[in-house]
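Chain by chain, the residues:
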Amino acid sequence: AGDCVLGRLDVRPALDGVEDGLLHLRWLEGRGIRVLNRADALLACHDKLQTALRLGRLGLPQPATVHVDDGAPVPRIAFPVVVKPAVKVRFMRVTRAKAWRADTRADLHALFQKACAIVPAGEAMVQELIPGGGDRQYAYCAFFKDGAAVASMAARRLRQHPWEFGRASTFVETVDEAGLVEHST
């Protein structure tokens, strides 16, 4: 079977990017070593816009997402919406928030301009707001072998802080949610 490496990188403690190691993972891939969680996949997971684009290409359901280039007008979208960065580290360091809610076009314009002053050009994005709190948010985690999940878990946040765009969950329950499993394989 040969050597295998599990790539696991997180956001740096200083919230200024992904931990070192991406170049090492690419080097290992280039040498023919099997890398689980390849560098490109890890980067896509840290970039919400890349995640949305990949989900869209796969036809997976997700909130409507609009990427707006710096200086371009914000397109029409149904309210309420969320203004957030594609890569959260810089944004959270400055605002201590994951996202901002906009209920009107005026809110959207003001918050989008504010976001563009914090994150690099092209990193601000607008996304449909899914109503409700963490109780409407599900997570699916699995270990895959040969393309099939051999162990998995689905969970729902029942309590998070802050309520609307939680950074921490204080009560989570495991759930049977067939739709999550269906879309993961």
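Residues numbered from 1 in each chain as written. Predicted model: local features only at pLDDT ≥ 70, side-chain atom pairs only at ≥ 80, totals over all residues. Heavy atoms only, no water.

1. Observations regarding helix α2 (residues 39-46)
Now for step 1: All of the buried residues in α2 are A39, L42, A44 and H46.
Now for step 2: Each element contacted by the buried residues of α2 is listed here: α1 (22-30) and α3 (48-58). (Buried < 20%, exposed > 50% of the residue type's maximum accessible area, 1.4 Å probe, protein only. Helix = DSSP H or I, 4+ residues; strand = E, 2+ residues; numbered from the N terminus. Contact = heavy atoms within 4.5 Å.)

2. What about the confidence of the model for the protein chain?
Keep in mind that low pLDDT regions are not for reading the predicted coordinates in detail.
Now for step 1: Residues with a pLDDT of 70 or more make up 85% of the protein chain, whose mean pLDDT is 80.
Now for step 2: Averaged over each element, pLDDT in the protein chain is lowest for helix α6 (residues 178-184) (68) and highest for strand β5 (residues 100-102) (92). (pLDDT = per-residue confidence, 0-100.)

3. Considerations on the packing of α1 against α2
Now for step 1: Their axes nearest at 9 Å, the elements α1 and α2 cross at an angle of 145°. Judged by residue contacts, L22, L25, R26 and E29 of α1 engage A39, D40, L42 and L43 from α2.
Now for step 2: The class makeup of the residues in the contact of α1 with α2 is 5 nonpolar, no polar and 3 charged. (Axes fitted to C-alpha atoms, helices over the stretch in contact; angles between N-to-C directions. Nonpolar A, V, L, I, M, F, W, Y, C, P; charged D, E, K, R; others polar.)

4. A closer look at α3
Now for step 1: Where α3 starts, the residue carrying a side-chain oxygen 2.9 Å from the main-chain nitrogen of L49 turns out to be D47.
Now for step 2: Where α3 terminates, the next one or two residues include G59, which has phi positive at roughly 75°. (Polar contact = N/O pair within 3.5 Å; in protein donor to acceptor, adjacent residues only side chain to side chain.)

5. Overview of the packing of α2 against α3
Now for step 1: α3 packs onto α2 with a crossing angle of 110° between their chain directions and a minimal axis gap of 5 Å. By the angle class used here, α2 and α3 are roughly perpendicular. Contact residues: α2 offers D40, A41, A44, C45 and H46, while α3 offers K48, Q50, T51 and R54.
Now for step 2: Within the contact of α2 with α3, the residues separate by chemical class into 3 nonpolar, 3 polar and 3 charged. (Parallel < 35°, antiparallel > 145°, perpendicular 65-115°, else oblique.)

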